[in-house]
Amino acid sequence: MPDEKKKKKLTHIKLTSHPSSQGPKGPPIKWGAKTAEERGPIIGTVTNKDHHNVIGAHSGSYSVYRALAIAAGSLDPVHIPDLTNTSPAAPLAPMPQWFDPKKIVSIDPWGHMIADVFRKELESGMDIRPTIAVTKAHMHMPEFDDAIKAGRLKPDGKIMKENGEVTVTKAALEPVWYLPGIAERFKVEEAELRRNLFEHTGGMFPELITRPDLEVFLPPIGGMTAYFFGDVSTIPDPKKLLACRVHDECNGSDVFGSDICTCRPYLAHGIEVCIEAAQKGGAGVIVYNRKEGRALGEVTKFLVYNARKRQEGGDTAQNYFHRTECVAGVQDMRFQELMPDVLHWLGIKKIDRFVSMSNMKYDALVNSGIEIKERVEIPKEMIPADASVEMDAKKAAGYFTGKVPEEKELKRQKGRGLDE
């Protein structure tokens, strides 16, 4: 008999696409409120649909895997996680930016503190999930050994151990979009934003159109990881040295060492600069965004590689962005407008050493109110030979550099052939 009831429950679908008695009426959300209690919890779970107060589900792109696990029968659809001992491994307390609805619109600043700030709600039976987790670890990269041998880094026993391992605090963050704030960042009407999100995801979330009362969206996209070097309490202190690199995912280079771009070398250099800052009593922050291939995706990225290598005249800096636009229709879809949010979450108002040549990242940070004192280029000796095409193209397009390549340099074939 219990099995029959469960079967009936699973086969009955309760639509929530209209703001009526059929739709959920969860706790109200007041974005940018002064306290977590006043702001209200973000509830993207469906264990109790009456509590659901957002569009979408938790876990970003992994929400689809969760649905698949339930369909396959390997996950109980009403499972509620036991959050015992999962609290942050380092204190990341509220900052003034948390209470400004214009400063943070793409993550939930309270997402790592829900077990404390929403204790009463959890005890009452609300299934509220963390959207941020903070832990500690040791990390090691072969580049650290090279830096030690070259004398650029020195083990100090605290930040960097004698064996070359580095101690870090790291945070994983899922996307939580406050739609009115997202629309304002991109200078579009909220209704237009909602319509495009609905139409161009194949109608995946009808509530974007039918539920204007729901202002928070949990998009099925990748989130980010932030790595902190040194004492995290110094990160928001403008009197302390702070180094930072905001890095967008590149699986081919970051993980597998592909040499067609400068991604892993620049990431390694950024970490080195962050370690140096931490060893000087300050801190370093690496933000790693899941935006593979300039948010165009890896399939598009590889298609562009082929087009670049096969074009008449070979792989040249002059046609670097053009070939991307021919395949993808746009040069870049990372749109750095949302990128500063994680730095505002950390209370950052000033960066002493920003390890990036990107004009888009620099402009986004400065326009959001973060001061940048120094911009740090990748050292020339760290640029792989086949990546010179990318680097020259970016410099010519306005990336920060001491020397902009001349037109004849941009035309010269520099990249390897496809079969070399």
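Fair warning: this is a prediction, and the values are worked out from it, not measured in the lab. (Residues numbered from 1 in each chain as written. Predicted model: local features only at pLDDT ≥ 70, side-chain atom pairs only at ≥ 80, totals over all residues. Heavy atoms only, no water.)

Participant: Would you take a moment to explain empty space enclosed by the protein for this structure?
Facilitator: Any empty space left between atoms is shown by rolling a water-sized probe over those atoms. Counting across every chain of the model gives two cavities of 30 Å³ or more. When its volume is computed, the largest cavity comes out at roughly 480 Å³. Residue lining of the largest cavity: 29 residues in total, with C263, R294, R334, E390 and K394 positioned closest to the centre. For the lining of the largest cavity, the elements supplying multiple residues, two or more each, are β7 (242-248), α11 (263-279), α12 (298-310), α13 (320-328) and α16 (388-396). (1 Å grid on protein atoms, 1.4 Å probe; cavity = no way out; pocket = protein on both sides within 12 Å on 5 of 7 lines; lining within 4 Å. Points joined across faces, edges and corners; volume = space filled by probe spheres on them. Helix = DSSP H or I, 4+ residues; strand = E, 2+ residues; numbered from the N terminus.)

Participant: When you look at the sheet that holds strand β4 (residues 177-178) in this model, what are you seeing that I'm missing?
Facilitator: Backbone-to-backbone hydrogen bonds pair the strands of a sheet. The strands run either parallel or antiparallel. One open sheet holds the three strands; their spatial order is β1-β5-β4, and the pairing between them is mixed. Two strands in the sheet have a free side with no partner beyond their single neighbour: β1 (55-56) and β4. Note: β1 against strand β5 (residues 216-218), two bridges, orientation parallel. Paired with I55 across the bridge in β5 is F217. (Pairing = 2+ DSSP bridges.)

Participant: Explanation requested: the environment of D254 in the structure shown.
Facilitator: As for its placement among the helices and strands, D254 is situated in helix α10 (residues 251-254). When its relative accessible area of 8% is taken as the criterion, D254 is described as buried. A C-alpha to C-alpha distance of 25 Å links D254 and Q318, two positions 64 residues apart in sequence. Separated by 3.1 Å, the side chains of D254 and H247 make a polar contact. (Buried < 20%, exposed > 50% of the residue type's maximum accessible area, 1.4 Å probe, protein only. Polar contact = N/O pair within 3.5 Å; in protein donor to acceptor, adjacent residues only side chain to side chain.)

Participant: It is not clear to me how the packing of aromatic side chains should be interpreted in this structure. Could you clarify?
Facilitator: We describe a pair of aromatic rings using the distance from one ring centre to the other and the angle between the two ring planes. Enumeration according to the criterion identifies nine aromatic pairs in this entry. Geometrically, the ring pair formed by W177 and F217 is edge-to-face, given 6.2 Å between the ring centres and 80° between the ring planes. Remark: F217 occurs in strand β5 and W177 occurs in strand β4; sequence separation between them is 40 residues. Each member of the pair, W177 as well as F217, carries the same accessibility label: buried. Among the aromatic residues, ring-to-ring pairing joins W98, F99 and W110 into one connected group. Sitting over the ring of Y266, R245 keeps its end group 4.2 Å from the ring centre. (Phe/Tyr/Trp six-rings, centres within 6.5 Å; stacked < 30°, edge-to-face > 60°. Lys NZ or Arg CZ within 6 Å of the ring centre and 35° of its normal.)

Participant: Could you clarify how one ought to interpret unusual backbone geometry in this entry?
Facilitator: Outside of glycine, negative phi angles account for most residues, and trans bonds account for most peptide bonds. Despite not being glycine, S59 shows a phi value in the positive range, around 85°. When you line up the elements, S59 lands in the loop between β1 and α3 (62-71). When its relative accessible area of 26% is taken as the criterion, S59 is described as partly exposed. Even without being glycine, K187 reaches a positive phi, approximately 55°.

Participant: Hey, could you run me through the layout of surface pockets in this one?
Facilitator: As a volume, the second largest pocket reaches approximately 1,200 Å³. With four residues, helix α8 (residues 190-199) is the single largest residue contributor to the lining of the second largest pocket. The class makeup of the residues in the lining of the second largest pocket is 22 nonpolar, eight polar and seven charged. (Nonpolar A, V, L, I, M, F, W, Y, C, P; charged D, E, K, R; others polar.)

Participant: Is there a simple way to explain the sheet that holds β7 in this structure?
Facilitator: In spatial order, the strands read β2-β3-β6-β8-β7-β9-β10; together these seven strands make up an open sheet with mixed pairing. Two strands lie at the open edges of the sheet, namely β2 (132-139) and β10 (371-375), each paired on one side alone. Shown here is a sheet whose adjacent strand axes are inclined to one another by a mean of 25°, direction ignored. The pairing of β2 with strand β3 (residues 166-173) spans eight bridges and is classified as antiparallel. Bridge pairing links H138 to T167 in β3. With respect to the sheet, α11 is in contact with β2, β3, β6 (224-230), β7, β8 (283-289) and β9 (350-354), its orientation differing from that of β8 by roughly 155°. Packed on one face of the sheet, helix α15 (residues 359-367) meets β7, β9 and β10 and runs near 150° to β10. (Axes fitted to C-alpha atoms, helices over the stretch in contact; angles between N-to-C directions. Contact = heavy atoms within 4.5 Å.)

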